[in-house]
Amino acid sequence: MSNYLDALSVLLLTSAFMLMGNKRIKSYIKTFRLQSILIALLTGIMGINSLYNDGNVDILVVCMVVIGIKVVYIPFLLNKTYENVEYKVEKDFFLNIPILIIGCCFIVVFTYFSLSTTTGINTGTINMQVVNSISLILIGLFFMISRKKAIGQIVGFLVIENGIFVTALFATQGMPFIVDIGILMDILVAVIIMGIMVFRIDEKFGSTDINKIKDLRG
Amino acid sequence: MGFVLLAVPVIAVVLFFLLKKKQYQHAVSVAASIILMLIAALLTREVILFKTIEYSALGGIFYIDSLSIIVLDIVVIIGFMTSIYSIGYLEEELKHEKLDKGRLRIYYILMYAFIFTMLLALTVKNIGIMWVAIEATTLASAFLVGFYNGKDAIEAAWKYVIICSVGIAIALLGIIFLQFSSIGVLESSQFLDWTALFNNAQELKGPTLRLAFIFILIGFGTKAGLAPMHTWLPDAHSQAPSPISTLMSGVLLNGAMYGIIRIVAIINHSFGNSIFVGRIMITVGVLSVVTAAVFIFTQKDYKRLLAYSSIEHMGIIAIAIGFFTPLSIFGGLLHMINHSFTKSMLFLSSGNILQKYNTKEISKIKGMFKLLPVTATVFLLGLFAIGGTPPFSVFASELVVISAIFQENNFFVGGLLILLLAIIFTGIVLTMFKIFYGNDTPTETSPGEINIPGVCTIVGLLVIITTMGLYIPNELKGLIENAVQIIIGG
């Protein structure tokens, strides 16, 4: 089983790099869906494992909710928002893509060194799964600050959440069931609210470029 | 009884959906807030008698102790004041067609959803569910911040929802590390259980716990408005309708600070000293006070000025918790109560001013004593109170905090804090006091108060803060002392 988990954690990290290399908002949403499918797979494997070992169905239920929310509904919602607000295609990033990818590489190296010096997380060898998932969170943050459009920021936020979810699975075998469900519900509501706000921003400012809305200062 | 407390706001939300007439909605809102106050009073009595309230239902997640009842009482009392104030405020907005009946309903629904999430955050034992509830407070109040749908309001709401969601997500990472540090110590049914974590604190893994604290401080600190994560706060507080600014400043910030205090208690208990946590908390706190002192001087908008003052007071509470002596924690908790009431009074008064003058700019307001005699008096006294002038309550708690700092022989931080408080007081006087005098009042408005229920609430709050400055009831003192015991342990 740990082979599958290792492979999935590396694939998740790769999906984050892919996301950073995407140019168009449509492809962000596709990559996000791919990442969510990987997470659903990971949760499914862990769920089946815990069902065999302890007869516990909690993680499988979480897996179903992940599929429903992250794989199906949120990408659908983002696509719908995108179709309504993005009538013209503009460049969406400040730095060019090679520099962003090199930045991501630095993030992974940084995470590796900072976690390898923290005793308590590693038992003997360095826990690469946790390194990968925390890199995923940091790349999500980096993605948020590297994009200008509101939808890009929502995707960045979702990648951060994905990273945290995976960290919870790898580091602690999942949070208590009720907490997991609560977190997923919060994310769902947050994305719905952010989607509505993107509409309003577009209505008032004529664009979803975040850099253009900075009237409030000081 | 405890579950009834959580059920009341939910029932109120359902009633707002069902009842169409605005009179009924006002009535439901006031009734719900009065019922909440009564239940909170009964729970407070129970806590005074039995120290903690726990039920075995639903896996025993319901838990109240002296620390949470203090914050909970602040929530219900300010909730009551706000719901009374809202009647007059919303009627006036309806008259000027700034909102219609449908939006009035949305206002009440979101307000009670917000109160529900706040109460949930304060009455659970599981830190994970507390996180879920605190994140839900952001979501419930996001549309309230952008309620007027103007350009500025949308910008503030967007900033609020993005910065707070990401910040709170970082706190979740910290909570995962906290759970990670307890693996092997606690059973899986006790994961993230606050009392279990606190009782077994010495066995938790230290390095992971440090990592957890830093992430949680950044996360909840974003929500509590500690510098340098405070950037959403002035925007959101100035753009939200005034009763909502009141709830955010008086209630929401305390909720986030409550989360930080819970975590600090676990970590200091685990390390046996407060050196690690203390250094970080004091740095962040001093930085917040400095930020507020700098920005208060340059403010042109009175609601933003009040928002920066909230950052200052959160900083003072963070410093008090950082020192972690019984006296300083007592001062910090007392300051939390006093700041909430005083700041609520100021934000509610600012709503009256905004409705009269239709502007948030300080330079356009003249002759307030003529146009709004009662509000002007309360606002003037409130500004003195928030600046830390005796006999008001903020002075009393600041005095306790500062004397606790000097008792620890930390003359540098104590002296710096006194200096900064003096600077902030000067800043408030310089920027704000020109609004009270002057004869050239705007011609289109006539003298007189608009919002009569609102005036009653602000006068009531003035009475509360003046009394609290002179005399603290023994029951309250006992509660705070118990809370200090809970935080320090033993």
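Up top is the structure these notes are about.
Residues numbered from 1 in each chain as written. Chains lettered and ligands numbered in written order. Predicted model: local features only at pLDDT ≥ 70, side-chain atom pairs only at ≥ 80, totals over all residues.

So, on to the overall build of chain B. Counting secondary structure elements, chain B contains 20 helices and 2 strands. Against the 2.2 N^0.38 benchmark of 23 Å for 490 residues, chain B shows a C-alpha radius of gyration of 22 Å, consistent with a compact globule. Along the longest, intermediate and shortest principal axes, the C-alpha atoms of chain B span 70 × 55 × 45 Å. Per-residue burial over chain B gives 60% buried out of 490 residues. (Helix = DSSP H or I, 4+ residues; strand = E, 2+ residues; numbered from the N terminus. Rg over C-alpha atoms; globule rule 2.2 N^0.38 Å. Buried ≥ 20, exposed ≤ 12 C-beta atoms within 10 Å, placed from the backbone.)

Turning to the overall build of chain A, a few remarks are in order. Within chain A, the secondary structure is distributed over 7 helices and 0 strands. Each helix (α) and strand (β) of chain A, taken in turn from the N terminus, gives the series α-α-α-α-α-α-α. Its C-alpha radius of gyration of 18 Å places chain A within 12% of the 17 Å reference for a compact globule of 218 residues. Seen through its C-alpha atoms, chain A measures out along the principal axes to roughly 55 × 35 × 35 Å. By residue count, 44% of the 218 residues in chain A fall in the buried class. In chain A, once contacts between residues fewer than 6 apart in sequence are set aside, the share between residues at least 24 apart is 71%. (Contact = placed C-beta atoms within 7 Å.)

This part takes up unusual backbone geometry. Residues and elements named next belong to chain B. Omega for the bond connecting A227 with P228 falls within 30 degrees of zero, at 0 degrees, which places this linkage in the cis form. Not every positive phi belongs to a glycine, and K51 is a case in point at roughly 75 degrees. Locating K51 in the fold gives a position in the loop between helix 2 (22-50) and strand 1 (53-54).

Residues B:I70, B:V75, B:V145, B:A157, B:Y160 and B:M257 are the most contacted members of the largest nonpolar core, which totals 246 residues. Element by element, the count of residues in this core is highest for helix 7 (residues 151-181) of chain B, at 21 residues. (Core = buried A, V, L, I, M, F, W, Y, C linked by C-beta atoms within 7 Å.)

Attention now goes to the packing of helix 6 (residues 127-145) of chain B against helix 7 of chain B. Residues and elements named next belong to chain B. Their axes nearest at 9 Å, the elements helix 6 and helix 7 cross at an angle of 175 degrees. Relative to helix 7, the element helix 6 lies roughly antiparallel. Mapping the contact onto sequence places I127, G128, W131, I134, E135, T138, A142 and V145 in helix 6 and A153, A156, A157, Y160, V161, C164, S165, I168, A171, L172, I175 and L178 in helix 7. Partitioning the contact of helix 6 with helix 7 into residue classes produces 16 nonpolar, 3 polar and 1 charged. (Axes fitted to C-alpha atoms, helices over the stretch in contact; angles between N-to-C directions. Parallel < 35°, antiparallel > 145°, perpendicular 65-115°, else oblique. Nonpolar A, V, L, I, M, F, W, Y, C, P; charged D, E, K, R; others polar.)

Let's shift gears to helix 9 (residues 206-224) of chain B. Residues and elements named next belong to chain B. For helix 9, built from 19 residues, the straight-helix expectation of 27 Å at 1.5 Å per residue is met to within 8% by its first-to-last C-alpha distance of 25 Å. Counting buried residues along helix 9, 15 of its 19 residues qualify, which places the element largely inside the surrounding structure. Taken from the residues just after helix 9, G225 is the one with a positive phi, measuring 80 degrees. (Expected span 1.5 Å × (residues − 1).)

What follows concerns the interface of chain A and chain B. The partner chain B presents 38 residues to the 34 residues of chain A that form the contact. Residue composition of the side of chain A that touches chain B, grouped by class: 21 nonpolar, 8 polar and 5 charged.

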